[in-house]
Amino acid sequence: MGELSALFSPERIAVVGATERAGSVGRAIMENLLDSFAGEVVPVNPSHEEVFGIPTLDDVAAADADLAVVVVPPQIAVDVVREAGEAGVRNVVVITAGFGETGSEGAAREQDLIEVAQTYDIDLVGPNSLGIMSTPVGMNATFGPENATEGRMSFMSQSGAFITAVLDWANDQGIGFKDVVSLGNKAVLDESDFVREWGDDDDTDVIIGYLEGIDDGQAFIETAREVTAETPVVLVKSGRTDAGAQAASSHTGTIAGSDQAYEAGLEQAGVIRAASVQELFDAARVLESQPLPESDGVAVITNAGGPGVMSTDAIGDSRLSMASFTDSTLDAFSEALPAEGNIYNPVDIVGDADNERFRDALDVALGDANVGSVIVLSCPTAVLDYQQLAADTVELQAKHDKPVAACFMGGARVEPAAETLADAGIPNYFDPARAVQGLDALSRFRDITEREYQAPTTFDVDRERAREILTSVEGRADTRLGVEAMGLLDAYGIETPAGDIVDAPADALEVAESIDGDVVMKIVSPDILHKSDIGGVKVGVPNEDVYDAYEDLISRARNYQPDATIIGVQVQEMVDLDDGVETIVGMNRDPQFGPLLLFGLGGIFVETLEDTTFRVAPVSEPEAEAMTREIDAAPLLRGARGREPADVAGVVETIQRLSQLVTDFPAILELDINPLVATPDGVEAVDVRLTVDPDQL
């Protein structure tokens, strides 16, 4: 058991605010505990002599409890928790609302609660919580209408109402739980604490949850990475849209909404993210009971052609594949099936198939080395006994020890067979697509358990030079930096073209003459973000035209935005784009997860095509390399259509170096390197743009 084991296995519970008043929370909690709790329940209420026939105590200090459930008004709740701490109670659940969710006064009260919990080393759930449950000891310390059925899933939710709805549904479905926690405001204990606890709990096979937010994304990633090496975590995270996003000035800031941070962070943590409650439990049920597949090849055995095609489509939409049978398997199917049947995948054993034909086909499919899992897909007929089919499925799944998903279609006649399957840990689905989603979750978790996480590379960099450049924004109203900050990239070993920023045409010519060949010239202004839109970029400028080009760029900038701050003009070595691929590497700082890295197709198409992928920094070399493979334009980097491959290793190193930069300096709020040009001979950062928070320097 983990550090919170005492929270879920108390012997004596004090209910502070216990009452018999009809409709009250204190009454509901007392009734729930008295109904099934294996230990002792002590009501605490100085206004009553007894509650439900049990003598009351005046204060929690006299209760000698190892868990206190607090149901008093918010104005006195903090004092009650302090009394509990002074009395040595180390586990407290605060049901009471009226804290951080209610405004500034409540937020101040919640801060007091946190300080009390820290002072007395209290493991505190809530406030504003429905409560907690633990079925092994019969503890239902909630004010919900349903108790949980015993099982091997542990469930946390940021919404108490969601717990009541789920338990009502789960009890009808025969789905059980080990522990259930309503997180409430997460003043002390949060999702990371419970993931860690249940990961150490031998009686929890699957961790599931509903979250509206994660307070400390970095801590959650570290915790979940350790846990998911052995225990699956499946979460529904609400709030996929980013309607409330603040305006961003960089490409990365524009593209990277908050949900990208959650998507990347949960994936890096090894968490399986479900899009709906149905997906959550479809995944959890199969992960709880089925072995992991050795391969992603799925065999479909069916007596109905149409549903067989539906399952094939669903497999095509997933990470799974239709298994290719061995010659011996095809021979066995040829012998066992009628001529009108189909021996290839999906295997159609024809509508007149009886139980023996179904059993033989399933046995053959499970015995094929190319088959990782099987879907048994059947429609009701007069010659098929669903109960017998369920018994055969259970027996053959145990014989071959491969995951099986059942899809027995129909109504009432399916129910007894579904119970037989469920008792053996085989879920039954009416929709073939749901069966595929369940098997897909097994495949995903298998890959998660096989991951080997590497520590990020630490490069030798010039942090002091980088800090000097970043501090240049101090005292300025506008804290954005552009190409004048190219030295920041140099300080972190990111290659940039030769060049300099000048504020006079004669100086521009001097720089141009020091560079071989024609040059690129750009206006440098933090107020002009899209330089090419105003003609603020000139490409292929020969030395004899540099003077006029300088004057023209300055004139265009002043005509476009008279009040813009003009730093000067950048004169830069030309990068051969014909042999290169324009990419973008960027970062947007997420309030929960921290630096969110972006990589994708760059140049002028970045916001139009949004061919991008994300990771939470810091990233290791394998994670950076994976980013270069995930975008649609990945073949361009690796030599599509006879092109010479770009320096992918250089791109990977640049992603890592940027990761180190934005991790070292939390003051960098967002940053773009666009384009980062990748050629066969190397990579170069042609342009940079960033926003700095000087208060974080």
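Residues numbered from 1 in each chain as written. Predicted model: local features only at pLDDT ≥ 70, side-chain atom pairs only at ≥ 80, totals over all residues. Heavy atoms only, no water.

**Some points on the sheet that holds strand 11 (residues 179–182)**
Then comes step 1: Read from one edge to the other, the open sheet built from seven strands follows the order 9-8-11-10-12-13-14, with strand pairing classed as mixed. With partners counted over all chains shown, the strands left at the sheet margins are strand 9 (139–142) and strand 14 (272–274), one partner each. Going from strand to strand, the sheet's axes swing by 15° on average, the running direction of each strand aside.
Then comes step 2: Against the sheet, helix 9 (residues 258–269) engages strand 13 (233–237) and strand 14, with an angle of about 140° to strand 14. (Pairing = 2+ DSSP bridges. Helix = DSSP H or I, 4+ residues; strand = E, 2+ residues; numbered from the N terminus. Axes fitted to C-alpha atoms, helices over the stretch in contact; angles between N-to-C directions. Contact = heavy atoms within 4.5 Å.)

**Remarks on the nonpolar core**
Then comes step 1: Of all hydrophobic cores here, the largest spans 51 residues; its most connected members are Leu 7, Val 15, Leu 33, Ile 132, Met 139, Phe 194 and Phe 220.
Then comes step 2: Top element by residues in this core is helix 9. It accounts for five residues.
Then comes step 3: Residues in contact with Leu 33, not counting those within four places in the same chain, are Ile 13, Val 15, Val 41, Met 139, Asn 140 and Ala 141.
Then comes step 4: Counting 50 residues, the second largest nonpolar core, distinct from the first, contains Leu 489, Ile 494, Ile 655 and Ala 678. (Core = buried A, V, L, I, M, F, W, Y, C linked by side-chain atoms within 4.5 Å. Buried < 20%, exposed > 50% of the residue type's maximum accessible area, 1.4 Å probe, protein only.)

**Considering the pattern of salt bridges**
Then comes step 1: As enumerated under the stated definition, the model contains 31 salt bridges in all.
Then comes step 2: For the salt bridge of Glu 31 with Arg 27, the shortest nitrogen-to-oxygen distance reads 3.1 Å. In this pair, Glu 31 and Arg 27 are both assigned in helix 2 (residues 25–36), four residues apart and thus about one turn of the helix distant.
Then comes step 3: With relative accessibility at 34%, the residue Glu 31 sits in the partly exposed group.
Then comes step 4: Between Arg 446 and Asp 447 there is a salt bridge, with its nearest N and O atoms 3.0 Å apart.
Then comes step 5: The exposure class of Arg 446 is buried, given its relative accessible area of 10%.
Then comes step 6: When salt bridges that share partners are traced, they join Asp 296, Arg 319, Arg 446 and Asp 447 into one network. (Salt bridge = Lys/Arg side-chain N within 4 Å of Asp/Glu carboxyl O.)

**Observations regarding the packing of aromatic side chains**
Then comes step 1: Applying the stated criterion to the full structure yields 12 aromatic pairs.
Then comes step 2: Ring geometry for Phe 8 and Trp 198: centres 6.2 Å apart, planes at 40°, overall tilted. A residue pair is termed long-range when its members are at least 10 positions apart, and Phe 8 in helix 1 (residues 5–8) and Trp 198 in helix 6 (residues 191–199) qualify at 190 residues. Neither residue differs from the other here; Phe 8 and Trp 198 are each classed as buried.
Then comes step 3: Their ring planes at 85° and their centres at 5.0 Å tell us that Tyr 262 and Phe 593 sit as a pair that is edge-to-face. Taken together, the positions of Tyr 262 in helix 9 and Phe 593 in the loop between strand 25 (581–590) and strand 26 (594–601) put the pair 331 residues apart, joining distant regions of the chain. (Phe/Tyr/Trp six-rings, centres within 6.5 Å; stacked < 30°, edge-to-face > 60°.)

**Structural notes on the pairing of strand 10 (residues 153–157)**
Then comes step 1: Strand 10 sits mainly inside the fold: five of its five residues count as buried.
Then comes step 2: Side-chain alternation along strand 10 places Met 153, Phe 155 and Ser 157 on one buried face and Ser 154 and Met 156 on a second face that is also buried.
Then comes step 3: As judged from the five bridges shared by strand 10 and strand 12 (residues 206–211), these two strands associate in the parallel manner. When the sheet's bridge partners are listed, Met 156 is paired in strand 12 with Gly 209.
Then comes step 4: For strand 10 and strand 11, the ladder comprises three bridges, and the chain directions are parallel. Residue pairing in the sheet places Ser 157 in a bridge with Ser 182 of strand 11.
Then comes step 5: Of the crossover connections in this fold, the one passing from strand 10 over helix 5 (residues 160–173) to the parallel strand 11 is right-handed. (Right-handed = clockwise from strand over helix to strand, strands pointing away.)

**Quick notes on the sheet that holds strand 21 (residues 499–502)**
Then comes step 1: If you trace the four strands from one edge of the open sheet to the other, you get 21-24-22-23, paired in antiparallel fashion. Across the chains shown, the open sheet's two edge strands, defined by having one partner strand only, are strand 21 and strand 23 (537–541). Each strand of the sheet is rotated relative to its neighbour by a mean of 20°, with strand direction disregarded.
Then comes step 2: Across six bridges, strand 22 (residues 519–524) lies against strand 24 (residues 568–573) in antiparallel orientation. When the sheet's bridge partners are listed, Met 521 is paired in strand 24 with Val 571.

**So, the pairing of strand 30 (residues 688–692)**
Then comes step 1: Within strand 30, five of the five residues are buried, which leaves the element mostly enclosed by the surrounding structure.
Then comes step 2: Because side chains alternate across strand 30, one face comprises the buried residues Val 688, Leu 690 and Val 692, and the other comprises Arg 689 and Thr 691, equally buried.
Then comes step 3: In the sheet, strand 20 (residues 480–481) pairs with strand 30 via two bridges, with the strands oriented antiparallel. Within the sheet, the bridge partner assigned to Arg 480 lies in strand 30 and is Thr 691.
Then comes step 4: Both strand 28 (residues 668–679) and strand 30 contribute to a ladder of five bridges, which runs antiparallel. Note that in strand 30 the partner of Glu 670 across the bridge is Thr 691.

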